[in-house]
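Below, each chain spelled out in residue letters.
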Amino acid sequence: MSFAYAVKQAFSQIGRNRIMTAASLASIIAILLVLGVFFIVVVNVNNMAEGVKKDFDQIQVYLEDNVDPAQLDVLQTAIGGIPGVAGTTYLTKDEALEQWKEKWGENADLLDRMDTNPLPNSIIIEVADLNEATSIVAAVEPMVGVERINYSQDTVDKLLSVTRTVQLVSLVIILFLIFISIMVVSNTIKLTVVAREKEIAIMRYVGATNWFIRGPFLLEGVIIGLIAAAISSALVGVLYHYFVGRWGVEFLLLVSSSFVDEWFLTENLLIIFAALGISIGACGSIISMRKFLER
Amino acid sequence: MIEFRKVSKSYGANIGVKGISITIDDGEFVFLVGPSGAGKTTFVKLFLKMVDADRGHIFYKGYDVTKLPPRLVPQHRRSLGIVFQDFSLLPKKTVYENIAFAMEIVQKAPRTIRRMVPQALDLVGLTKEADKLPNELSIGEQQRVAIARSIINNPDVLIADEPTGNLDPETGWEIMRLLEQINRRGTTVLMVTHSREIVNAMNKRVVAIKNGRIVRDEKGGLYHPEEDDDPVPRPKEGALSLQ
Ligand SMILES: Nc1ncnc2c1ncn2[C@@H]1O[C@H](COP(=O)(O)OP(=O)(O)OP(=O)(O)O)[C@@H](O)[C@H]1O
Ligand SMILES: [Mg+2]
């Protein structure tokens, strides 16, 4: 009965303060949208970093197009003799394309749109000891028939440090935005609290418990937060979908890692935003009520 | 029984009450009189735990109000009915709703509310006004609604801070008859007043406070004008500003 009362009160307050509710909804949605962008960046950077780490123990040696089987044999034997090499595998350009298609999954049809296979034949070196990777690269690089080596400790290190920086900066910004939205909600609710100050005073005099008084305001905040969460995760989902459709191929070619799946991301975003919305709303209303319930 | 034992409360440099000790028995009717700023409202607020005492104890129903933890304060207030200067009716609720509200917030069953509110309205003689809004009532009628609201949860003590303050004498007497009737049902009544006529006519216990101290406590007492200040406020010298 008490919960039903709180729900009824919360909705009637939202109804009474339509403009303020709309204003705070808009600001929280705006904040969650920015937050969503950072979330997407972090998730994708993480995804990319995972991929990079997985490729760490492999050195890919791109071969010139004119290498014949005899040369290939010589190369593989030579490479196999370098200390720190566990083994080598020859990968044709067609196999390489197949691998990419597998890796891209859903987005594989993007590759079919290309007329020719842009990938070279290559030798994959399994590295036994990562510390020797640099000396292996140095030994392989001058060999005849080698076009380019797709491995750079530097790049890997840089990428990983960039990843950490992006994660840290995003975390700080996300926390800051959460703080801002708590303030926004608490200000909205403060207005409804002030408007109902007399009612609250009467409640306290008559002996209503703090939770009974707080309940409707708490729910009001939670409802605002949840609505904002639903709207902004839908918006972010749609934007991401559009973005992946438009830039997916470029991204893939650039960093050889595909975007995180849209549905997976939107689903998680909804859960995260809902949790955030609830806590933002709850914190906001508790902050705004604090002063009024001191006594 | 209410017992104040050497209770003091000051607001910074302002003295609220100072070392007050008093015992009020169940079912008593007590007038609290004294000049403006004497500490009467402070006394009442201490008992309601609207302010905290600096020193001393207030015993009631076997517990010490000054030591009451916050979570038990609502329970404490539920045994008290309050008619206060700054505790008026909600303007957007009808008379019926204003009274029912006091029951709703202590989570009384709807059935109980439907049964009790008409009884309270009948007691204060406002059955016909149930569906009116407060601003459609006279000040005296509004005060009666406030009294109905204050007793709706069957308080053991009714605390009224100047309930006849802005009423004409006749309406004031109506309120007094009502309070006496409530007192006869067994409710302890503690009433703050500046009205000499009322105090002198009612023949009740009179407690006079001045500068935060009890200066007189007399059964069947009278109103002593020398204990009160000049009721007509005089502008302080130099307090007037142009424009
Ligand atoms: N919240 C407060 N902050 C500071 N001083 C206060 C506060 N409340 C009361 N006082 C001071 O405490 C003293 C006692 O005030 P109180 O309200 O108890 O007087 P009172 O007897 O009820 O007066 P009145 O007859 O005018 O209502 C006064 O000097 C007053 O200025
Ligand atoms: Mg007073």
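Residues numbered from 1 in each chain as written. Chains lettered and ligands numbered in written order. Predicted model: local features only at pLDDT ≥ 70, side-chain atom pairs only at ≥ 80, totals over all residues. Heavy atoms only, no water.

Trainee: What exactly am I supposed to notice about the overall build of chain B here?
Mentor: The secondary structure content of chain B amounts to 7 helices and 10 strands. Considering chain B as a whole, with its 243 residues, one finds that 50% of them fall into the buried category. Sequence-distant contacts in chain B: of pairs separated by 6 or more residues, those separated by 24 or more amount to 66%. In the structure as shown, chain B presents an accessible area of about 12200 Å², 49% of it carried by carbon and sulfur atoms. (Helix = DSSP H or I, 4+ residues; strand = E, 2+ residues; numbered from the N terminus. Buried < 20%, exposed > 50% of the residue type's maximum accessible area, 1.4 Å probe, protein only. Contact = heavy atoms within 4.5 Å. Areas by Shrake-Rupley, 256 points an atom, 1.4 Å probe, with all protein chains shown as cover.)

Trainee: What is the right way to look at the packing of aromatic side chains in this model?
Mentor: Tallied over the full model, the rule gives 6 aromatic pairs over all chains. Taking 5.6 Å as the distance between ring centres and 80° as the angle between the ring planes, the aromatic pair formed by A:Tyr205 and B:Phe84 counts as edge-to-face. Pair noted here: A:Tyr205 is in helix 8 (residues 197-206) and B:Phe84 is in the loop between strand 6 (80-83) and helix 3 (95-104), and the two residues belong to different chains. Look at A:Tyr205 and you get buried, because its relative accessible area is 7%. An aromatic cluster is present here, built from B:Phe4, B:Phe43, B:Phe47, B:Tyr60 and B:Tyr63 joined pairwise through their rings. Over the face of the ring belonging to A:Trp211 we find A:Arg214, whose NZ or CZ atom lies 4.2 Å from the ring centre. (Phe/Tyr/Trp six-rings, centres within 6.5 Å; stacked < 30°, edge-to-face > 60°. Lys NZ or Arg CZ within 6 Å of the ring centre and 35° of its normal.)

Trainee: Please clarify how the packing of helix 3 of chain B against helix 5 (residues 139-151) of chain B should be interpreted in this entry.
Mentor: Helix-helix packing is characterised by the crossing angle of the two axes and by the distance between the axes. All names here are of chain B. Here helix 3 crosses helix 5 at 25°, and the two axes come no closer than 8 Å. What the angle tells us is that helix 3 and helix 5 run roughly parallel. The two elements helix 3 and helix 5 cross, and the hand of that crossing is right-handed. Between helix 3 and helix 5, the residues in contact are Val 95, Asn 98, Ile 99 and Ala 102 and Val 145, Ala 148 and Arg 149, respectively. Of the residues contributing to the contact of helix 3 with helix 5, the split by class is 5 nonpolar, 1 polar and 1 charged. (Axes fitted to C-alpha atoms, helices over the stretch in contact; angles between N-to-C directions. Parallel < 35°, antiparallel > 145°, perpendicular 65-115°, else oblique. Left-handed = near helix turned anticlockwise from the far one by under 90°. Nonpolar A, V, L, I, M, F, W, Y, C, P; charged D, E, K, R; others polar.)

Trainee: Would you take a moment to explain the nonpolar core for this structure?
Mentor: Within soluble globular proteins, side chains that are nonpolar tend to cluster in buried spots. Among the nonpolar cores identified, the biggest contains 89 residues, and A:Leu35, B:Phe31 and B:Leu179 are the most heavily contacted of them. In terms of residue count, helix 9 (residues 210-255) of chain A provides more of this core than any other element does, 11 residues in total. Those residues in contact with B:Phe31 that lie beyond four places of it in its chain are B:Met176, B:Met191, B:Thr193, B:Ile198, B:Val199, B:Met202, B:Lys204, B:Arg205, B:Val206 and B:Val207. In terms of nonpolar packing, the next biggest core, distinct from the first, is built from 30 residues, B:Ile22, B:Ala38, B:Leu46 and B:Ile209 among them. (Core = buried A, V, L, I, M, F, W, Y, C linked by side-chain atoms within 4.5 Å.)

Trainee: How do you make sense of the site of ligand 1 when you look at a structure like this?
Mentor: Residues and elements named next belong to chain B. Neighbouring ligand 1 are 13 residues; Ser 36, Gly 37, Lys 40, Thr 41 and Thr 42 lie closest to it. Thr 41 has a polar side-chain atom sitting 2.6 Å from an oxygen atom of ligand 1. In this structure, an oxygen atom belonging to ligand 1 sits 3.0 Å away from a side-chain N or O atom of His 194. Of all elements in the fold, only strand 2 (14-24) and helix 1 (40-48) reach the threshold of two or more residues within the shell around ligand 1. For the shell around ligand 1, the element with the highest residue contribution is helix 1, accounting for 3 residues. (Near = heavy atom within 4 Å. Polar contact = N/O pair within 3.5 Å; in protein donor to acceptor, adjacent residues only side chain to side chain.)

Trainee: How do you make sense of the side chain of A:Ser181 when you look at a structure like this?
Mentor: All names here are of chain A. Along the polypeptide, Ser 181 turns up in helix 7 (residues 153-195). In this structure the side chain of Ser 181 is engaged in a polar contact, spanning 2.9 Å, whose partner is the backbone oxygen of Ile 178. Beyond its immediate stretch of four places on either side in the chain, Ser 181 contacts Ile 28, Ile 31 and Ile 280.

Trainee: Which parts of the structure should I look at to understand the sheet that holds strand 7 (residues 157-161) of chain B?
Mentor: Remark on secondary structure: sheet strands pair via backbone hydrogen bonds, oriented parallel or antiparallel. Residue and element names in this part refer to chain B. Across the sheet, which stays open at both edges, the 6 strands sit in the order 6-7-8-3-9-10 with mixed pairing between neighbours. Of all the strands in the sheet, the pair left with one neighbour each is strand 6 and strand 10 (213-218). Across the sheet, the mean angle from the axis of one strand to that of its neighbour is 15°, orientation sign disregarded. Sitting on the sheet, helix 5 is in contact with strand 6 and strand 7, with an inclination near 165° to strand 6. (Pairing = 2+ DSSP bridges.)

Trainee: When you look at helix 8 of chain A in this model, what are you seeing that I'm missing?
Mentor: In an α-helix, one turn spans 3.6 residues; hence positions three or four apart end up facing the same way. Counting buried residues in helix 8 of chain A gives 7 out of 10 residues, a clear majority hidden from the surface. Those residues of helix 8 of chain A lying buried are A:Glu199, A:Ile200, A:Ile202, A:Met203, A:Arg204, A:Tyr205 and A:Val206.

Trainee: Mind showing me how you'd approach the sheet that holds strand 2 (residues 85-91) of chain A here?
Mentor: All names here are of chain A. Ordered in space as 2-3-1-4, the 4 strands form an open sheet in which the pairing is antiparallel. This sheet does not close on itself; its edge strands, each paired only once, are strand 2 and strand 4 (146-150). Pairwise comparison of adjacent strand axes, ignoring direction, gives a mean angle of 20° for this sheet. Where strand 2 meets strand 3 (residues 122-127), 6 bridges bridge the pair, whose relative direction is antiparallel.

Trainee: I'm lost on the interface of chain B and chain A in this one. Help?
Mentor: Accessible area lost upon the coming together of the parts serves often as the stated size of an interface. The partner chain A presents 15 residues to the 25 residues of chain B that form the contact. Summed over both sides, the interface of chain B with chain A buries roughly 1900 Å², with 65% coming from carbon and sulfur. Connecting chain B to chain A are 0 salt bridges. Along the contact surface separating chain B from chain A lie 3 residue pairs in polar contact (both at pLDDT 80 or more). (Buried area = accessible area lost by both parts, 1.4 Å probe. Salt bridge = Lys/Arg side-chain N within 4 Å of Asp/Glu carboxyl O.)

Trainee: Would you take a moment to explain the pairing of strand 2 of chain B for this structure?
Mentor: Look at any regular strand and the pattern is simple: side chains alternate between the two faces of the sheet. All names here are of chain B. Here strand 1 (residues 2-11) pairs with strand 2 via 7 bridges, running antiparallel. Looking across to strand 2, one finds that Glu 3 is bridged to Thr 23. Hairpin remark: strand 1 followed by strand 2, antiparallel, with 2 residues in the connecting loop; positive phi at Gly 12, about 60°.

Trainee: How should the pattern of salt bridges be read in this particular structure?
Mentor: Opposite charge on two side chains makes pairing possible when the charged atoms of those side chains draw close. All names here are of chain B. Per the stated rule, a full pass over the model turns up 11 salt bridges over all chains. The salt bridge partner of Arg 5 is Glu 3, with a shortest N-O separation of 3.1 Å. Taking relative accessible area as the criterion, Glu 3 reaches 18% and is therefore assigned buried. The closest approach of N and O atoms between Arg 205 and Glu 28, which form a salt bridge, is 2.9 Å.

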